[in-house]
Amino acid sequence: MNASSVKRIGVVGAGQMGRGIAQVAAAAGIEVVLCDASLEIADKGKSLIGKILGKQVEKGKMSADEHRALLDRIVPAGSMDGFSSAELAVEAATENVDLKIDLFRKADAALAPGAILASNTSSISITRLAAATSRPERVIGMHFMNPVPLMKLVEIVRGVQTSPETYALVHELAVRLGKTVITSEDRPGFLVNRMLIPFLNEACFTLQEGVGSPEDIDTGAKLGLNHPMGPLELADLIGLDTVLAIAEVLHKDLGEDKYRPAALLRNLVAAGWLGKKSGRGFYVYDEKGQKTTSSLAR
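Keep in mind that what you see is a predicted model, and the values were worked out from it rather than measured. (Residues numbered from 1 in each chain as written. Predicted model: local features only at pLDDT ≥ 70, side-chain atom pairs only at ≥ 80, totals over all residues. Heavy atoms only, no water.)

A. Spotlight on the overall build of the protein. When you go through the protein residue by residue, the secondary structure sums to 11 helices and 10 strands. The globule rule puts the C-alpha radius of gyration for 298 residues at 19 Å, and the 19 Å found for the protein is close to it. In terms of overall dimensions, the protein has a C-alpha envelope of 55 × 50 × 35 Å along the principal axes. With 298 residues in all, the protein has 49% of them scored as buried. (Helix = DSSP H or I, 4+ residues; strand = E, 2+ residues; numbered from the N terminus. Rg over C-alpha atoms; globule rule 2.2 N^0.38 Å. Buried < 20%, exposed > 50% of the residue type's maximum accessible area, 1.4 Å probe, protein only.)

B. Region of the structure containing the pairing of strand β7 (residues 153-158). Inspection of the sheet shows strand β6 (residues 139-144) paired to β7 by 4 bridges, in the antiparallel sense. Its bridge partner lying in β7, H143 is registered against E155. Of the pairings in the sheet, the one linking β7 to strand β8 (residues 180-185) comprises 6 bridges and is parallel in character. Counterpart to E155 in the pairing with β8 is I182. In this region the chain leaves β7, passes through helix α6 (residues 164-176) and returns to the parallel neighbour β8; the handedness of that crossover is right-handed. (Pairing = 2+ DSSP bridges. Right-handed = clockwise from strand over helix to strand, strands pointing away.)

C. Up close: the UniProt feature "site: Important for catalytic activity" (unreviewed entry) in the protein. When the UniProt feature table is mapped to this numbering, "site: Important for catalytic activity" (unreviewed entry) covers H143. Position of H143 among the secondary structure elements: in strand β6. The residues contacting H143, other than those within four sequence positions of it, are S119, N120, T121, S122, L153, V154, E155 and N193. (UniProt positions renumbered as here; feature names shortened; annotations may be inferred. Contact = heavy atoms within 4.5 Å.)

D. Region of interest: the UniProt feature "domain: 3-hydroxyacyl-CoA dehydrogenase C-terminal" (unreviewed entry) in the protein. Residues annotated in UniProt with the feature "domain: 3-hydroxyacyl-CoA dehydrogenase C-terminal" (unreviewed entry) correspond here to residues 189-285. Its end C-alpha atoms 28 Å apart, residues 189-285 is made of 61% helix and 3% strand.

E. Structural view of the sheet that holds strand β5 (residues 116-119). Across the sheet, 8 strands lie side by side as β3-β2-β1-β4-β5-β6-β7-β8; this open sheet has mixed pairing. The two strands at the open ends of the sheet, each matched to only one other strand, are β3 (74-77) and β8. Averaged over neighbouring strand pairs, the angle between their axes works out to 25° when direction is ignored. Looking at chain direction, strand β2 (residues 31-35) and β3 are connected through 4 bridges and run parallel. Each bridged residue has a counterpart across the sheet, and for L34 the counterpart in β3 is P76. Contacting β1 (8-12), β4 (88-91), β5 and β6, helix α4 (residues 97-110) runs over the sheet at an angle of about 160° to β5. (Axes fitted to C-alpha atoms, helices over the stretch in contact; angles between N-to-C directions.)

F. Local environment of helix α8 (residues 214-224). Among all positions of α8, only P214, I217, D218 and A221 are buried. With its buried residues spanning 90° around the axis, α8 presents them on a single face. Away from its buried face, by an angle of more than 90 degrees, α8 presents the exposed residues D216, L223 and G224. Along its buried surface, α8 packs onto α7 (192-208), α9 (231-238), β9 (283-285) and β10 (291-294). (Arc of directions from axis to C-beta.)

G. The arrangement of the environment of S4 in detail. When you line up the elements, S4 lands in the segment before β1. For S4, a relative accessible area of 45% gives the class partly exposed. As for S4 and E172, which are separated by 168 residues in sequence, their C-alpha atoms are 8.4 Å apart. Not counting residues up to four positions away in its chain, the partners in contact with S4 are E172 and R176.

Here is the structure:
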């Protein structure tokens, strides 16, 4: 099997990342089974993809026929039964190790023996996930960046058991999806989040200690460091629960105090202020997802 022979993939999770993966795969001519806990959730995920792409049609960047053909390649599902004919499945669920292991076992049972099982995890050990399956040599990390259709990078993570053949096929597939590939060994946070999360966490400490306002911190990063987004804006986009989960993995697995999550980050997650997806994080967002004011202003 090679990447050009991949005709059908399964995606576990119809949230923001799963939808994005389904969209780029369908755009590359691959049929996608988009699976979630219920058919209703999966249907909603497909509808959101259609809505987003509908704006491309309105702007003349995509024809109505292309829009229809892409959506026709996405099949919503409330179970993994449709994975039996898939050459590869990508898990894109919440960053929770117990949940991912459970989903990996179910996907492993649903897939054909030769199929590859990938995870979009941003921090959890691929080796650990692979050990929960009957195909550890065919398990790999395929970490897409958010938002998937716009971000060019895919971080491929090799577990201890990952075979060279699995790595080569997934690398080739990522290129087929229009992505640039970097490769990481299976270490906490991999490459991107090993660098990013301490930066975001330090911005949380800076705000927590009253060094500057959210606006000043973000403007400082954008204009002083030439970043396209400030760290607090980016944390809101990623999801503060996801940022916290990765920070906790880094702190636990690397055992160094410098990785400890800021209390402010923990408190915002405890309050349910998870960022843009919940309408409030470091900033408040309107119904269109546009940033309005600082969430912490009193």
